[in-house]
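Chain by chain, the residues run as shown.
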Amino acid sequence: MNARRTFKRARRRVGGALLRACGPQVLTWLSSKWSYDIAGLEHLDKELERKGALIAMWHGRMVVPVHPFRNRGWHVLVSPSEDGDLSEGMLHRFGFKVVRGSSSRGGARALRELLGVLDGGGVVAITPDGPRGPMHNVTLGLAWMARATGRSVLPFGCVADRTWRLSSWDRFTIPKPGARVALTYGPAVAVSRDGGDAELERAASAIREGLFAAERAGFARLGVEPDF
């Protein structure tokens, strides 16, 4: 058992080193071969008019929109974990800013930092089913964060017509060269300050359905069946 654990740790370290060394170059090349169809920008603009936008997307899709939204100074909430360390390095290479924390670790500090970003009119992206899943699960943490910051949550669907899907828990999606990519902002989901946990559960369910609806709309524009 110890030997197997040691092998897994070594493999993870080697994989992490390769990702840090080659990942940005590979992603830059791949994403330059994709074509993009972006819809629902009016929903993003509406949130930005209110001062700041809180965006939600699935963890397994996070690589899909990196290239078209690079170097805009957008912030991404990244977990305080080893996977988060890898993500942080990649995101910085593409001009994103990173806030480390989660609802269970560093949540209060992350919330203060995110509130400062939003109050300054910035954009914050969160993967509600990360960093460990289950896949397509929206915990109450995102709804709580939206309520605490006084912002709505903007579902963001990111899909492609030709992809590789990894065997990871989130079925991580990497569009193939020449893929058509559809990025879709859905209507924002508001979270009331009243209603306690029942309101958080309602909002979390609405965010989840909003994410699926945004992805279905993207797949429809691409003319392919949803992959979930």
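The written sequence of each chain sets the order in which its residues are numbered from 1. Thresholds applied to this predicted model are a pLDDT of at least 70 for local features of residues and 80 or more for the giving and counting of side-chain atom pairs; totals over whole chains, interfaces and linings are not thresholded and use all residues. Hydrogen atoms and water are omitted, and side-chain values are computed over all heavy atoms in the structure.

1. What about the confidence of the model for the chain?
Move 1: The share of residues in the chain with pLDDT of 70 or more is 86%, and the mean pLDDT across the chain is 87.
Move 2: A residue's pLDDT is the confidence the predictor assigns to it, expressed on a 0 to 100 scale. Should any heavy atoms of two residues lie within 4.5 Å, those residues are considered in contact. Scored below 50 in pLDDT, residues 14-18 shows two contacts in the model against residues more than four places distant or in partner chains.

2. Overview of helix 5 (residues 140-149)
Three or four residues apart is the spacing at which side chains of an α-helix point the same way, because the helix has 3.6 residues per turn.
Move 1: Exposure is judged per residue with a 1.4 Å probe applied to protein chains only, and the accessible area is read against the type maximum: over 50% gives exposed, under 20% gives buried, and values in between give partly exposed. Only DSSP runs of H or I reaching four residues or more are called helices, and only runs of E reaching two or more are called strands; each is numbered from the N terminus. Most of helix 5 sits inside the fold, with seven of its 10 residues counted as buried.
Move 2: Of the positions making up helix 5, those classed as buried are Gly141, Leu142, Ala143, Met145, Ala146, Arg147 and Thr149.
Move 3: In the segment just after helix 5, Gly150 is the residue with positive phi, at about 75 degrees.

3. Quick notes on the sheet that holds strand 4 (residues 97-100)
Move 1: For two strands to pair, DSSP has to find at least two bridges joining them. In spatial order, the strands read 1-9-6-2-5-3-4; together these seven strands make up an open sheet with mixed pairing. Where the open sheet ends on each side, the last strands, each with one partner, are strand 1 (35-39) and strand 4. Adjacent strand axes in the sheet meet at a mean angle of 25 degrees when their direction is disregarded.
Move 2: Pairing of strand 2 (residues 53-56) with strand 5 (residues 123-126), which is carried by four bridges, proceeds in the parallel orientation. Residue pairing across strands places Leu54 opposite Val124, the latter belonging to strand 5.
Move 3: Sitting on the sheet, helix 5 is in contact with strand 2, strand 3 (75-78), strand 5 and strand 6 (153-160), with an inclination near 175 degrees to strand 2.
Move 4: Relative to the sheet, helix 6 (residues 196-222) contacts strand 1, strand 2, strand 6 and strand 9 (180-185), its axis offset from that of strand 6 by approximately 35 degrees. The angle between two axes is taken between their N-to-C directions and runs from 0 to 180 degrees, where each axis is a line fitted to C-alpha atoms and a helix contributes only its stretch in contact.

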